[in-house]
Structures are given as C-alpha cells and as structure tokens.
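Notes for the structure review
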Amino acid sequence: MDPLLGSPWNAPGTVAGFASSSANATLIRFAGAEFQRGSACAIDIGCGAARNALPLAQLGWSVLGIDLSQPMIDAAAARLEREGMSSRVQLALAPMDALPTGSHSIDLIVAHGIWNLARSGDEFRRAVREAARVARPAAGLFVFTFSRRTLAESARPVAGETFVYTQFSGQPQIFLTAEQLVLELGAAGFVPDPAVPLTEHNVPPPGSLRTTGGPVIYEAAFRFTGARQP
C-alpha cells in the first residue's frame, strides 16, 4: 500500500509538475566537481520525479532515488526510460530515515526539499543519522531545506519541539536557523563545505512582512568527517 495514499504528493497535478521540473543547477555543478574527484554512487532522498536524479545519472553517477510516493516513483521511472538512463538509476519506495542501502556506500547524498518534511525533531535527526550511516568517508552532502525566516518571529514551535512548526502549511514541518542547521548536521559528522557556502534564498526585503509566497530556503554543501562536532 502506498504510505502516502490520499496525500497531495500523489495528486496527478503535483506529480506532473515535478515530472517537468528542472534540476537544481547549484547541485549539478557541485555533483560534477564531486564526480571528478573519483566519486561514483549517489543517493537522492525524496527524489520525486527524478528532476535531479536524471541529470546526476547523465553526469555518470550511479543513483539510488527514494521517495514515499508511488506515483512520483512511477513518473521518475518513465522519465528515466525516455532519456535512456534507467540503467543508471535504481528507484525505491522508502522513508528518509530508513535508507535502503549499505553503510558507508554513498559518495554523494542529496537532501533536496525533503528533511524539512520531517514531522518531528526525532524524525529529522533519524534522517540525518541515516545519511551519516550510508556516507563514505569525505562524502559530499547537498542540502536544500526550509529556513526559520519563512515564519514570523512571533511563531512558536509545536509543544515539546524546538524547530517544528505548523504555521506554514498547517502540517508539522522543520524550519531551522542557520546555526541550528550547522549544529544538527555537525552532530552527525557533517561539516560545511566552502564549495557551496550556506546561502539563503527567497528572503523578504528588510522591514517587509512576509504574508504570501514560497518558503525561505537554505542551500549548502557539507562534507562527512565521521566525527561529531561539538
């Protein structure tokens, strides 16, 4: 049974939108440089309809794409088939905190718009620890996730949580400050990589009140050291 039965992520319009989405250009530049270092295996956590998995495969990566939406997985498979890349991408229905691959097996981890969907701090931390488990020494990590600045300063987290809020969509989602992001990833052994400095996108102008539009997003690369950071 599809674990997202009835979810908007399974809606035909949402799937069609993802099926025609372009790749993240910053990620693809980072992945190209990583591939030149001799890396080979990537995992795309929350791969959707292969917007990033496809160009990663075209760069030469062997990709494992996972998602919780069967319609997204089906759309990804069709897109990869059309582009002749099916042999380079394995697709699996799996959650962010139980990655279906061996420990120390991945050179590049892509967490693009997925960790912000964790419904609790515990789920988020399990997902980050799973990324650390599968990472090879010096593996690269590309993160694209919600910033706390999406929400009003007056917004308060869900009871018992530090950075889980419902004010954006009505559902629990993760919104981190830059310091929280670095600290949480550091606790699992990931350190910032200057190849893609931590950048905040879609920031409202100073003094303006954010009432509509998409979330403020952090984009950054990290490097797995295997050592927990203080």
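The structure this text deals with has already been given above.
These remarks concern the structure in this document. Note that the coordinates shown come from a computational prediction; the quantities given were computed from them, not determined experimentally.

Thoughts on the pairing of strand 2 (residues 62-67)
Within strand 2, 5 of the 6 residues are buried, which leaves it mostly tucked inside the rest of the structure. The pairing of strand 1 (residues 41-45) with strand 2 spans 5 bridges and is classified as parallel. Counterpart to I45 in the pairing with strand 2 is I66. In the classification by handedness, the crossover that spans strand 1, the intervening helix 3 (residues 53-59) and the parallel strand 2 is right-handed. The handedness of the strand 2 to strand 3 (residues 89-93) crossover, carried by helix 4 (residues 70-82), is right-handed.

Some points on the pattern of salt bridges
Enumeration according to the criterion identifies 8 salt bridges in this entry. The salt bridge partner of D97 is R126, with a shortest N-O separation of 3.0 Å. Here the residue D97 occupies a position in the loop between strand 3 and strand 4 (106-112), and R126 occupies one in helix 5 (residues 121-134), the gap between them amounting to 29 residues. Where R223 meets D193, a salt bridge forms, and the shortest distance between an N and an O atom there is 2.5 Å. Taken together, the positions of R223 in strand 10 (residues 217-224) and D193 in the loop between strand 8 (190-192) and strand 9 (199-201) put the pair 30 residues apart, joining distant regions of the chain. Take D193: its relative accessible area is 11%, and that puts it in the buried class. Beyond isolated ion pairs, a larger network of salt bridges with shared partners links E34, R37, D193 and R223.

Points about the side chain of E123
Following the sequence through the fold, E123 ends up in helix 5. For the buried residue E123, which engages in no salt bridge, the nearest side chain bearing the opposite charge is R126, 5.2 Å off. If sequence neighbours within four positions are ignored, E123 has contacts with M96, D97 and A118.

Here we look at the side chain of E184
With respect to the helices and strands, the residue E184 is situated in helix 6 (residues 178-187). Ignoring any residue separated from it by four or fewer positions in sequence, one finds E184 in contact with F124, R125, V128 and F163.

With respect to the nonpolar core
Counting 36 residues, the largest nonpolar core has I109, W115, L141, L185 and F190 as the members making the most contacts within it. Within the residue set of this core, elements represented by two or more residues are strand 1, strand 2, strand 4, helix 5, strand 5 (135-146), helix 6 and strand 10. Of the residues forming this core, the biggest block, 6 residues, is contributed by helix 5. With near-sequence residues (within four places) excluded, L141 lies in contact with F30, I109, A111, W115, L185, F190, A220, A221 and F222. Among the nonpolar cores identified, the runner-up in size contains 28 residues, and I28, F30, A53 and L80 belong to it.

The rules we used
- Residues numbered from 1 in each chain as written.
- Predicted model: local features only at pLDDT ≥ 70, side-chain atom pairs only at ≥ 80, totals over all residues.
- Heavy atoms only, no water.
- Buried < 20%, exposed > 50% of the residue type's maximum accessible area, 1.4 Å probe, protein only.
- Helix = DSSP H or I, 4+ residues; strand = E, 2+ residues; numbered from the N terminus.
- Pairing = 2+ DSSP bridges.
- Right-handed = clockwise from strand over helix to strand, strands pointing away.
- Salt bridge = Lys/Arg side-chain N within 4 Å of Asp/Glu carboxyl O.
- Lys, Arg positive; Asp, Glu negative; His and termini not counted.
- Contact = heavy atoms within 4.5 Å.
- Core = buried A, V, L, I, M, F, W, Y, C linked by side-chain atoms within 4.5 Å.

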